[in-house]
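So you can see what is in the structure, the chains are spelled out below.
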Amino acid sequence: MSKHGDVLVGLDIGTSKICVVVAEVNDDGSLEIVGLGKTASKGLNRGSVVNIDQTVESVQTAVGEAEFISGSPIRSAFVGVAGGHIRSFNTNGIVAIKNKIVTQEDIDRVVEQARAVTMPTDHEIIHVLPQEYIVDDQEGVTEPAGMAGVRLECKVHVVTGAIPAIQNITRSVERAGLSVERLVLQPFASSLAALSDDERDLGVAIVDIGSGTADVAVISGGALHYSAVIPVGGSHITRDMAIGLRTPDYQAERIKQEHGCALAARVSNDEEIEVPSVGGRPPRVLSRQMLAEIIEPRMEEILTLIRREIQKSGMEDLLPAGVVLTGGASIIEGADELAENVLQLPVRLGVPGGISGLVDMVNGPMYSTGVGLVMYAMKTGAPRRRGLTNGVSHGPIRQTTQKIRHVLTSVFK
């Protein structure tokens, strides 16, 4: 590991968990995971903060664990944002090329012109992501600098969020003792970690099914063309199970993770599970197929909503790479097969790739956003040592040797 690399921190604030990923950019430009902290999330509902005090406490707990493993105090982070308040649209800008040769100033001007759009007063821009540039009549340009021409056009994807929701996320992070380097749309972050370059180029939809929301991003030609956040996710499945099985929510979540299946046809009639009861009543033994019959319709509903979003993008027939399914709810047995049936597209599970270091600790679909946040930080050229400081820490700090890290890795599997 390089001792002089850029250190980056991603903070994924989800409805069910808060995850802090610490990574280092080595001298050769590779990204190495050096720390991870996670804890159950409190104070959020469908991706939005509903209790700042509880959210602050959860963030501090996750940060403390990440500090312990990475061996350094954390003071700032790139923060993921999602929720039903997110909106997005495509637009474009056109400017005259000043000196007949495209310069960075021309590129900055055309992007700024593209973002000068009318939108609701209670929303603010999170991203303006270029899709392609057009120099005179030459389309499909990705790097226009140095090209000759008289007119420069830029097509962009604009992502906005409700100002109160963004302020609540920012205030929670700042009250936890961190500064927000930048807010990043969660499905966009997940796409950086879970997609291959070939998939981004050919055309692919990434579907991140978290606890509170299901996020969709459609990418083609290496650019984001459509994004949407659906305010329904894995917590709705858990709630259905709690009601149907008459068991507490936390027990329903455990049963979902250990025995859940999204396809009832996959489950044998003689498979049984023990289900804790409420109010001190004795546990009951129920058929696992009954569990699958509760999960399947809700998962099918979520996937149907996702299919509608993909259809709204107008690119349903332009996704040769199909769909990459990620997020915590995607690991339910049979979820990928059910997704293929509903979406009518090839589906695979997506996990973070292109990283080294503590790979086993983040080797799961639920860590795609956290890893994607540090990848975003690296791609946007975050300053050296960003995310770390010599100030006061928020949790136990200890210089962790490779041997200790190896032991802790097994805890997070």
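None of the values given here were measured: they were computed from a predicted structure. (Residues numbered from 1 in each chain as written. Predicted model: local features only at pLDDT ≥ 70, side-chain atom pairs only at ≥ 80, totals over all residues. Heavy atoms only, no water.)

A. Seen up close, the overall build of the chain. A tally of helices and strands in the chain yields 11 helices and 19 strands. The C-alpha atoms of the chain give a radius of gyration of 22 Å, which matches the 22 Å a tight globule of 413 residues would have. Looking at the chain as a whole, 55% of its 413 residues qualify as buried. Relative to all contacts within the chain whose residues are 6 or more apart in sequence, the contacts with residues 24 or more apart total 67%. For the chain, the computed accessible surface area is about 18000 Å², with 48% contributed by carbon and sulfur atoms. (Helix = DSSP H or I, 4+ residues; strand = E, 2+ residues; numbered from the N terminus. Rg over C-alpha atoms; globule rule 2.2 N^0.38 Å. Buried < 20%, exposed > 50% of the residue type's maximum accessible area, 1.4 Å probe, protein only. Contact = heavy atoms within 4.5 Å. Areas by Shrake-Rupley, 256 points an atom, 1.4 Å probe, with all protein chains shown as cover.)

B. Examining the layout of surface pockets more closely. Its boundaries defined by the atoms lining it, the largest pocket holds a volume of some 1000 Å³. Lining the largest pocket are 31 residues, and of these V128, L129, P130, F188 and G222 lie nearest its centre. Elements with a minimum of two residues in the lining of the largest pocket: α2 (104–114), β8 (123–135), α4 (186–194), β14 (223–230) and α10 (368–379). At nine residues, the largest contribution of residues to the lining of the largest pocket is made by β8. Of the residues contributing to the lining of the largest pocket, the split by class is 15 nonpolar, eight polar and eight charged. As for the second largest pocket, its lining consists of 42 residues, of which S16, K17, G328, A329 and M366 are closest to the centre. Counting residues per element, the ones that place at least two in the lining of the second largest pocket are β1 (6–13), β3 (31–40), β12 (204–209), α6 (234–245) and α7 (249–259). Of the residues in the lining of the second largest pocket, the class split is 13 nonpolar, 19 polar and 10 charged. (1 Å grid on protein atoms, 1.4 Å probe; cavity = no way out; pocket = protein on both sides within 12 Å on 5 of 7 lines; lining within 4 Å. Points joined across faces, edges and corners; volume = space filled by probe spheres on them. Nonpolar A, V, L, I, M, F, W, Y, C, P; charged D, E, K, R; others polar.)

C. Just the packing of α6 against helix α8 (residues 288–312), in detail. Two numbers describe how α6 lies on α8: the axes approach to 9 Å, and their chain directions differ by 150°. Pair α6 / α8 crosses with right-handed handedness. Taken together, the residues of α8 that come into contact with α6 (itself represented by H236, I237, D240, M241, G244 and L245) are M290, L291, I294, I295, R298, M299 and I302. Among the residues making up the contact of α6 with α8, the classes are represented as nine nonpolar, two polar and two charged. (Axes fitted to C-alpha atoms, helices over the stretch in contact; angles between N-to-C directions. Left-handed = near helix turned anticlockwise from the far one by under 90°.)

D. Fine view of α10. Relative to the 16 Å expected for 12 residues at 1.5 Å per residue, α10 spans 16 Å between its end C-alpha atoms, a close match to the ideal helical length. Where burial is concerned, most of α10 is hidden: 10 out of the 12 residues are buried. When α10 is considered as a whole, its buried residues turn out to be S368, T369, G370, V371, G372, L373, V374, M375, Y376 and A377. Immediately beyond the C-terminal end of α10, within one or two residues, lies G381, with a positive phi of roughly 75°. (Expected span 1.5 Å × (residues − 1).)

E. The arrangement of the side chain of D12 in detail. As for its placement among the helices and strands, D12 is situated in strand β1. According to the relative accessible area criterion, D12 is buried, its value standing at 5%. D12 has contacts with K17, I18, C19, Q186, M366, T369, G370 and L373, leaving out every residue within four places of it along the chain.

F. Just α2, in detail. The complete set of buried residues in α2 reads D106, I107, V110, V111 and A114. Each buried residue of α2 sits inside an arc of 130° when the element is viewed along its axis, so together they form one side. Elements that come into contact with the buried residues of α2 comprise β7 (87–96), β8 and β10 (151–162). (Arc of directions from axis to C-beta.)

G. Here's a closer look at the confidence of the model for the chain. Across the chain, the average pLDDT comes to 88, with 91% of residues at or above 70. Every residue in residues 1–5 is under pLDDT 50, and counting partners more than four places away or in other chains gives 14 contacts. Low pLDDT, under 50, characterises residues 383–413; the predicted model gives this stretch 73 contacts beyond four residues in sequence or across chains. (pLDDT = per-residue confidence, 0-100.)

H. How the structure looks around the pattern of salt bridges. Applying the stated criterion across every chain, the model contains 18 salt bridges. One salt bridge connects E253 with K256, and the closest N-O pair in it is separated by 3.2 Å. With E253 and K256 both in helix α7 and three residues apart, the pair spans about one turn of that helix. A relative accessible area of 26% places E253 in the partly exposed class. Taking relative accessible area as the criterion, K256 reaches 8% and is therefore assigned buried. Its salt-bridge partner being E316, residue R307 comes within 3.7 Å of it at the nearest N-O pair. Residue classification places R307 among the partly exposed residues on the basis of a relative accessible area of 28%. Through salt bridges that share partners, R266, E271, R288, E333 and E337 make up one connected network. (Salt bridge = Lys/Arg side-chain N within 4 Å of Asp/Glu carboxyl O.)

I. Molecular detail of the packing of aromatic side chains. All told, the structure shown has two aromatic pairs when counted by the stated rule. Between F78 and Y376, the ring centres sit 6.3 Å apart and the planes meet at 65°, which makes this aromatic pair edge-to-face. One end of the pair, F78, is in strand β6 (residues 76–81); the other, Y376, is in helix α10, and 298 residues separate them in sequence. Y376 matches F78 in its accessibility class, with the two residues each being buried. With centroids separated by 6.1 Å and ring planes inclined at 75°, the aromatic side chains of F188 and Y376 adopt a geometry described as edge-to-face. Taken together, the residues span a long stretch of sequence, with F188 in helix α4 and Y376 in helix α10 at a distance of 188 residues. (Phe/Tyr/Trp six-rings, centres within 6.5 Å; stacked < 30°, edge-to-face > 60°.)

J. A look at the environment of I331. Tracing the chain through its elements places I331 in the loop between β17 (323–326) and α9 (335–343). According to the relative accessible area criterion, I331 is partly exposed, its value standing at 44%. Residues I331 and T15, 316 residues apart in the sequence, show an inter-C-alpha distance of 17 Å. Apart from the residues lying within four places of it in its own chain, the contact partners of I331 are P365 and M366.

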